[in-house]
Every structure is written in C-alpha cells, then in structure tokens.
Amino acid sequence: MKKPTHQPLEQTFRFHDDKKEVEFLRHDTPTPWMNYLSNGTFHTMMSQAGGGVVFYKSPQIWRITRYRFFHLPTDRSGPYIYLQDRDNGEYWCPTNEPAYARPASWKSAHGMGYTRFEAERDGLAAKTVYFVGPYENSLIWNLTLTNNSGSAKSLNVFAYAEFGMMEFMRELQWQCYNKHQVSVTYLDKEALVYKYGVENQPKPDETPLVYFASDAPLYAYDGDRDEFIGTYRSEANPEAIEGDGCTNSTLLGGDPCGALQFQVTLQPGETRTLNMFLGCAMTEEEIAAALDHSRQKDFVAKSFAALTANWADYLGKLECQLPDEEASRMINIWNPYQAERNFQFSRNISFYATGTFRGVGYRDTAQDILSVIPFDQERAKDKIKLLLGQQYQDGHVNHYFFPTEGWEPVTSIHSDDHLWTALPVWDLAAETGDASFLQETVPYYDGGEDTIYGHLKRAIDFTASKLGPNGFPLMLRSDWNDQLFRVCRKGKGESIWTAMQLGTVLLKMQDLAVLAGHPEDVEGYRKMYAEQQELVNTLGWDGKWFRRAVMDDGRFLGSDIHDEAKIWLNSQTWATLSGMAEESKGIQAMDSVREMLDTELGIKKLHPSITTFPDPADPLTNYNKGTGENGAVFCHANTWAIIAECMLGRGDQAYKYYRQLIPQVAMEKAGLNRYKAEPYVYASNLFGPESDKFGLANVSWLSGTAAWMYVAATQYIMGIKADLEGLRIDPCIPSEWEGFTAKRRFRGCEYHITVTNTSRSCKGVKEIRVDGRLIDGNVLPVYPAGTNVQVEVVL
Ligand code: IFM
C-alpha cells in the first residue's frame, strides 16, 4: 500500500514571525494541527481545517460542541460555515473541510489566540477569523465576504456547530436516556439556546446555557441535528443545505445542534461582514445582555484588538535575536505560547488527550509554572497556592485533582510529586525579589494550614520519612517516570533519580529557609543533601553512568549488567542539575548519554528498549520498543540534557540537543509524513530508532517539554536567569555564534542585552557593562521600575 505523498514543507506551511502566525497552504496535514483560542474561561481547540471543540472552563463537564478525536473521518466536527450560491445550489466552506466542493484558493493560519481562513471560489472571497475575546465568554466567528465577480451573488450563509452532551463521559455511557434531557429553543433575540438539563450533573447551578446567534438578520435556524444534517449524511453534505434550507427546528430531546441561516446578496465589488457568537451565560437575561453587547458596532474589533494587545504585552517581556531563525521563533513566539496553554489546560484536552479524566496533575503543573513566572507572577502564585491546597499534613500531595469539576482527587503517592513545588516558589521569589509570600498561609487538604514555606518543609519531611533500605527515597507509586511502579510494586523499591530531585530542591530550600526567617533549618537541609549526594556517587554509580533505581528485589535498574534498560536519561541529567555528581562522573554520565542515547532526532529515554526485562512474563512496560515510555525520544526529558550540558559548559553539545528537537527542524529531518505533528509546538515524544516509525511525533501541545524547553533555552543557553540578587547573565552558547541580543523585563526594568562572543567560547562571562559602566560579577543590579538599561556582555 503506497503512502499518500505530501508536498514539501514550504508548500504545506510557512511562518510569519512579524504577525506571530503560522500559515497553512494545505488543509490535509498529516494530523490535525491545533491552536487554542481562550480567554481563560471560555475555550476552543481548533485545527488548521476548522475542526475542533468548544468548551467552558472544563472539557470534562462543560464541553459544548462534539469532537470525535481519533474516530474517522478525522478532525470532525467543528464550528463550520457553508457558503451557498442560491442560483446553482453549489456550496463550500471557507475552512476547506467538510463540504465536498473545495475553494479554488485557500489558506489558513494560527496566530496568538486566533485562527483565520482565507478562501475564494467563483469570485466569492471569504475571510473568517475565529477567536475568543476578553469581554464575553463566546467564540467569535468573524466572516467577511467580498464579491470579486462581475455579477451579483445571492447567497445562503449557514453557520453550524454540533452540540454534544456537556459531560463527555456521560454521553458515551448514558446518552440513550440523557439525550432526552437536553433542549435547543429559540430565544426571541434571534438566538438559539442550548440547555443541558441532565439529572445528577456535577454542578447544575454552575452549568451555563449556551447561545448561538449573530449580528446579522437571521433567515432561519435549526436546533435539531437530524433536521440540519439528515440521516446517512454528515457535515460534508447537510440535508438542509442540499434541500430547502433550515426548517426552524427546535429540540426537546435528541441530538442537538446550532445552525443559523442567513441570506446575503452582494453586488459586484461589495463586501459584507457577519459575526456569529457561540457563547454561554447563566440565564436568558444574561444571554440577552451578552448579545446586546456583542452586537454593538465595534465589539468584535475591540475584542480582537484587546486579544492582540494582551499577547503583545505578554510576549514582549522576553524577546531575543539569535543567529538561529528557528530558535528565535520558538523562544519569542511559539514556545511561551505553548507553555501558557499548558499552564492553563494542564494535560486535559488536546488532539491526543481527550479531556475525559485528567484534571490538574500536581507534578506536571508545578513544572508548568516555571515558564509562566517571567510573564505573570500573580497567576503563578495562585497556581502554587492551588497546588499546596492539595498537600496533606504529612507532606505528601494528591497526584491529580479536579478543582473545576469538584471530583475526588487521585490519591496515589509518588516519590516526586510533593517535591516539585519548591522550584517554582524559589523562581517566583527570584523574579519578584519579594519573599513575603512565603508567609502567606494555605490550608492542608486534610485540615489545618501552614505558611507556604511550612508546606515546602513538610514535603521534605515526608521524603525524609520515606527512605528505603539503601537510604534513597522510596519509589512509592512511581517517580517522574510513570512506568517505574512495575518494579517497585512491593513498596521496597527506591528511586535514585528522586534522590537527585531531592538534592536540587534542598539547594533551593536552603535559600528559602533564610528568606522565610528560618535559618535554623538550613543545616538540616545541608546534611540531608550531603547524605544523598554520597549515596548517589557510590551506590548510584554504575561505572559509566548513574543507575536509575533499586527494584523491589534489591537489584539496580539502569545497570550495564542487564541486557535491557541499561541506561536511563534522567539519572544522568539530574546528577548534574542537582549539583550532586562528582565532576568527572557528571561529565562521564553525559558522555554516555551522547554515546548511547542520542539520535539525530533527540535523546532516547532509556536504552536498550525493554521487551522482556526484568521478567518476560512481567516486563517493566507494555509500551512497544521505541515508543512512549520505552526507548522513545522523550522530549520533556531532553530538556534536562540541554540544561546539564550548559551547566557543564558544553555549549556546542547543549545546542545540538536543543536544535534537533525544534519541531520544524525535527520535521525537516524526519519528513512531514513521518513526523506528522505540528511544526510549531513541542510534542511529548518521538518514536525512537527501535520502533518501526522512528521520528513519529506524539502527544503534541500539552507536555512538560514546553515549560522546560523554555527554561533551557532562555535561562541556560541564553543564560538570562532571575536570581535572588538580580538578573544573572551566564550564557552557554555554541562556539560558532558571534553573540546574540535579548530584551528582558525584570522587576519593572527593561534590560537590553547584547552578548558578544568574539572569543568563540561557549561559556564564561569576561565582563559586563551596564550603560557603559563595568559591573562586578555577572548579576545585573535591580534598577527602578520604568528604567531601560543597555547591557553589554563579553564572553
Ligand atoms: O512525568 C510523567 C508525566 O507526569 C505524565 N506524562 C509522562 C511523564 C513521564 O512518565
């Protein structure tokens, strides 16, 4: 069977960095390439071909439209517009999908918080912009039609969205009964109103009504999907469009939809704009008010301007010009954008994660916060407090939880979860220069409360009370590597990696103890660090690399004596990140990474892949070799290799690891049809060389890769890092770079930084001048808010 061929990359997509957009020239990308449109409350995930899902707050309980993820036909349904010539009945979609007839010319683009389409057929041009503005909880569909032909055009314009049951899991299980508890009615405001009135829904009082309306005169409508689409048809050939138009159906039970029909006549050269609003509000009165507001003449333009201004302000806080176009693009635009979406959605809904069961993961969210701190300290602090509210008095935390849905949390206890929080807390103190928030109190999940510092201290106490027979932290349910529970089920297994994570955290805790007014704790943290460091460098050392764990049966995992899973990436990188590795061992371990784990498309998580280890009847993982958690290139873990190499001063190696995973670069190497996922956001993993699809990118968008890749690029390669005393400048760049420039807003001051590398070193700051004056060391002083300073750095 021949694979479909695709045109070269430049005929599929191209970047417009000036507009912060990626433009698509074909609609049939190898997978749906997504964007997230959101105002923080109301959200839409939308593909380059217009497929996608609309939800309010939670895709688990307030999912408004239906999206079918991996079911065929792919990428259906979506908020679609159909344009029909009333003279001949022909119709097509500005999104290209789903109608059979295609536009003669077409392109689409994802930008910051919006997705737009430009298409033309038979002299009718359509421009559509979808976005969620800051002023109303609605998806705005902004459609501009122009008649470029020589004769008048009489058109039917249909706007269509398939409503699902708001609770996606309930829909799968109980829709046969519950579907008769939903309704679509016509509100005397030229609006359709969808009500999800299903019994026993989790938060009936907070469940909104959905509205679908326009600022153009409505000709007809349908609220019943069977009426609009018809049976044995699909979004490709709706019966209402092929027949006599919408029938003004409402729905009291059944399969709901919102379909609006407009009749528009355009003279030659005439342009007309229509806006549709798919939104929600709690009552019909609130809907009426929202519509009055949305129908004001300048509402859409003002909403779009505010969206654009918000993103310009956000991304303007850190900008760079590197001698690498793809890297600059990622750092200035797509990486912080992706990281913000991770911060917002955790691992909840993407094309890969169906948004059905995952709430806020403690471990992942604590890491996501790291990349938002330079941009929005208030939101970061709120998230830290949200996490700490999931901590128990003994110091452990819930593994993941559901603050919006109100469901019971997942309570499995992992060796690493509770330790992560100290990292964003330290970063926040460094970013703001204000440690007073350490005294703010947050309740424990099981009662009582403590200061933020007190919470962090209890996390350390918990780990201290859970050390295994060799002295390393017990693995418990797992550590960062989810699959490790398989070798530690009996509760005796220990995590050598968690010892390193603990070490990293203990260094931060020594600072935080002083900042919080508890210098008496420092010695305890130091002692614990020294004990774990000793273990890591003795029992944890295998000869050429660091071991990964101790299994229940007392054998070491990650050792040369085994045939499979000899070496694991995380224990090599974190040995350096934690400062625990004796120097020669740190270097040797990272050399082993280069020799045994690195590929041309990123670093494998472990090697060799597991098929039978430790027991053919019960292998460590069920993942096929080279996939997911087993010998794939796990991008999240690659970020720590970049950081480790920077810490070792090996800028060329760090940059090699960084560049090879830039999505566009990896796609160019693997080929569009092999890589498949978006070229503008990081994926969680790429299939490894031991799989049959080396280079296939999986689980894009929502991945810890986003946060840590941003940290690796900005704080370690560019070396611009908030520190407690000021802004630390310590780049580690490839020797071939002559230098780079960056702008960083920090504590209200704008630093314009020029790094010069005439010596062609990788690392090592020779001198720094601020506004022409030489400073001591490499930490930039803090200047009054509103100041602009010029910083010249010589390597
Ligand atoms: O660390 C985990 C993460 O929490 C979920 N995805 C996989 C990672 C590695 O196992």
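Higher on the page you've got the structure.
In this text the structure is predicted, and so the values were computed from the model without any measurement.

This brings us to the sheet that holds strand β3 (residues 34-38). Taken together, 3 strands build an open sheet; the order of strands is β3-β4-β5 and the sheet is antiparallel. Each end of this open sheet is capped by a strand with a single partner; those strands are β3 and β5 (52-56). Each adjacent strand pair in this sheet contributes to an overall mean axis angle of 15 degrees, direction not counted. Pairing between β3 and strand β4 (residues 42-47): 5 bridges, direction antiparallel. Within β4, the position partnered with Tyr-36 by the bridge is Met-45.

Inspection of the region around the ligand gives Arg-363, Asp-364, Trp-480, Asn-481, Asp-482, Lys-605, Glu-629 and Phe-634 as its neighbouring residues. The side chain of Asp-364 places a nitrogen or oxygen atom 2.8 Å from an oxygen atom of the ligand. One of the side-chain nitrogen or oxygen atoms of Glu-629 is found 2.8 Å away from an oxygen atom of the ligand. Here the ligand loses 85% of its free accessible area of 280 Å² to cover by the protein chains. More than half of the atoms belonging to the ligand lie within 2 Å of the grid points that define the largest pocket. When grouped by side-chain class, the residues that make up the shell around the ligand number 2 nonpolar, 1 polar and 5 charged.

With that settled, the discussion passes to the packing of helix α7 (residues 362-372) against helix α19 (residues 705-717). Taken N-terminus to C-terminus, the directions of α7 and α19 make an angle of 40 degrees; their axes are 8 Å apart at the nearest point. Considering their axes alone, α7 and α19 lie oblique with respect to each other. Handedness of the crossing formed by α7 with α19: left-handed. Facing Gln-367, Asp-368, Leu-370 and Ser-371 of α7, the residues of α19 in contact are Ala-707, Trp-708, Tyr-710 and Val-711. Residues that form the contact of α7 with α19 fall into these classes: 5 nonpolar, 2 polar and 1 charged.

Bringing the packing of α7 against helix α9 (residues 422-432) into the picture now. Two elements in contact, α7 and α9, have axes separated by 8 Å at closest approach and are oriented at 20 degrees. If you check the angle between α7 and α9, you find them roughly parallel. Where α7 crosses over α9, the two elements pack in a sense that is left-handed. Contacts from Ala-366, Ile-369 and Leu-370 of α7 reach α9 at Leu-423, Pro-424 and Asp-427. Across the contact of α7 with α9, the residue classes tally to 5 nonpolar, no polar and 1 charged.

The next thing to look at is empty space enclosed by the protein. For the coordinates displayed, the defined rule picks out 3 cavities of 30 Å³ or more. Approximately 90 Å³ is the volume attributed to the largest cavity. If you trace the largest cavity, you find it lined by Leu-83, Gln-84, Asp-85, Asn-88, Glu-90, Tyr-91, Trp-92, Arg-121, Asp-122, Leu-124, Lys-153 and Leu-155. A total of 3 residues in the lining of the largest cavity trace back to one element, the largest contributor, which is strand β6 (residues 80-85). Counted by class, the lining of the largest cavity contains 5 nonpolar, 2 polar and 5 charged residues. In this structure, the second largest cavity occupies an estimated 60 Å³ of space. Around the second largest cavity, the lining residues are Leu-370, Ile-373, Pro-374, Asp-427, Glu-431, Gln-715, Lys-721, Ala-722 and Arg-744. A per-class count over the lining of the second largest cavity returns 4 nonpolar, 1 polar and 4 charged.

Conventions adopted
Residues numbered from 1 in each chain as written. Predicted model: local features only at pLDDT ≥ 70, side-chain atom pairs only at ≥ 80, totals over all residues. Heavy atoms only, no water. Pairing = 2+ DSSP bridges. Helix = DSSP H or I, 4+ residues; strand = E, 2+ residues; numbered from the N terminus. Axes fitted to C-alpha atoms, helices over the stretch in contact; angles between N-to-C directions. Near = heavy atom within 4 Å. Polar contact = N/O pair within 3.5 Å; in protein donor to acceptor, adjacent residues only side chain to side chain. Areas by Shrake-Rupley, 256 points an atom, 1.4 Å probe, with all protein chains shown as cover. 1 Å grid on protein atoms, 1.4 Å probe; cavity = no way out; pocket = protein on both sides within 12 Å on 5 of 7 lines; lining within 4 Å. Sits in = over half its atoms within 2 Å of the grid points. Nonpolar A, V, L, I, M, F, W, Y, C, P; charged D, E, K, R; others polar. Parallel < 35°, antiparallel > 145°, perpendicular 65-115°, else oblique. Left-handed = near helix turned anticlockwise from the far one by under 90°. Contact = heavy atoms within 4.5 Å. Points joined across faces, edges and corners; volume = space filled by probe spheres on them.

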